[in-house]
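Each chain, written out:
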Amino acid sequence: MKTNKVVILRHGESEFNKLNLFCGWHDAPLTDKGLEDASKIAVAGLRQHQMQFDVIYTSLLQRAHQTVDVIRENLKYHDVPVIYDWRLNERHYGNLTGFNKRQVANKYGEEKVQIWRRSFDVLPPEITPDNPYYAKIRNNPKFKDIPKDKFPDTESLKTLMLRAIPLWEQEIMPKVLNGQRVLVVAHGTVVRALMKYIENISDDDIMKVNIPNSVPCVFEYDLSSGQRMGNIQYLADADYVKKETEKVAAIGN
Ligand code: DG2
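All values reported here derive from a predicted model rather than from experimental measurement.

Cut-offs applied
- Residues numbered from 1 in each chain as written.
- Predicted model: local features only at pLDDT ≥ 70, side-chain atom pairs only at ≥ 80, totals over all residues.
- Heavy atoms only, no water.
- UniProt positions renumbered as here; feature names shortened; annotations may be inferred.
- Helix = DSSP H or I, 4+ residues; strand = E, 2+ residues; numbered from the N terminus.
- Buried < 20%, exposed > 50% of the residue type's maximum accessible area, 1.4 Å probe, protein only.
- Contact = heavy atoms within 4.5 Å.
- Polar contact = N/O pair within 3.5 Å; in protein donor to acceptor, adjacent residues only side chain to side chain.
- Salt bridge = Lys/Arg side-chain N within 4 Å of Asp/Glu carboxyl O.

Re the UniProt feature "site: Transition state stabilizer" (unreviewed entry) in the protein
Item 1. Per the UniProt record, the feature "site: Transition state stabilizer" (unreviewed entry) sits at H187.
Item 2. Positionally, H187 belongs in the loop between β4 (182–186) and α8 (188–199).
Item 3. Assessed through its relative accessible area of 0%, H187 is described here as buried.
Item 4. Not counting chain neighbours up to four residues away, the residues in contact with H187 comprise R10, H11, S59, L61, R63, A64, L88, N89 and E90.
Item 5. Only 2.9 Å separates the side chain of H187 from the side chain of S59, close enough to count as a polar contact.

See below:
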């Protein structure tokens, strides 16, 4: 049976992840730990499983680009083309952008914060011009080609899926089913969106899914039927994946 694998990865720890701030479309860089984990965890997992790629897809955000750069550098993938697409950007966190998750939980309650973070279709409040990150996001030159009517002021998992799944269906999957080896380097909510779609996870069950930084997730397809095979495989130690997933799920300090 001829099969092919596609790998989806959340970037390494960003400055905003470290400070426990809602990040979304703010263009935060990786921390030193994020850079180190991209190499120690992501590269190590890909190397151990002898993963090779023909093309890499990523978002327009630097935390994803830095992760791609570490992978290309360490695995000598300099000739592998990288496709940058805004539809792989993290969900826009609206007016929560830049605020500390714990402080927002203290103000609005943990339940409300978890609904904003993990529900399928509840939108955070729209970003307003007085938000310290409003102008930076609106004027980010990387976003200049995003169609005006598509530029969000807030997004839920549901609205993120409306932009990300067409890219997956129309561009990425045809390549995968054609035998090309594809790596997607994106963000927590984008990985959840793709997983929800691929695994047909219900709107309720997706609330419990959390994605650790720097852990490659592998999905295998039967090329003759186009069907998914087996379970998701995480290319990292199971205890590490569990510990990091729990950290992401928690609101933090
Ligand atoms: C995080 C996700 O996105 O945060 O936007 O703050 O994957 O780009 O670091 P990422 C953010 P949570 O939804 O886990 O709170």
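Side note on the pattern of salt bridges
Item 1. Inspection of the entire model under this criterion finds 16 salt bridges.
Item 2. Notably, a salt bridge pairs R87 with E171, separated by 3.5 Å at the nearest N-O pair. Taken together, the residues span a long stretch of sequence, with R87 in the loop between β3 (82–84) and α4 (101–108) and E171 in helix α7 (residues 157–177) at a distance of 84 residues.
Item 3. The class for E171 is partly exposed, based on a relative accessible area of 31%.
Item 4. In this structure, the salt-bridge partner of D203 is K196, at a minimum N-O distance of 2.8 Å.
Item 5. Under the relative-accessibility criterion, K196 is labelled buried at 9%.

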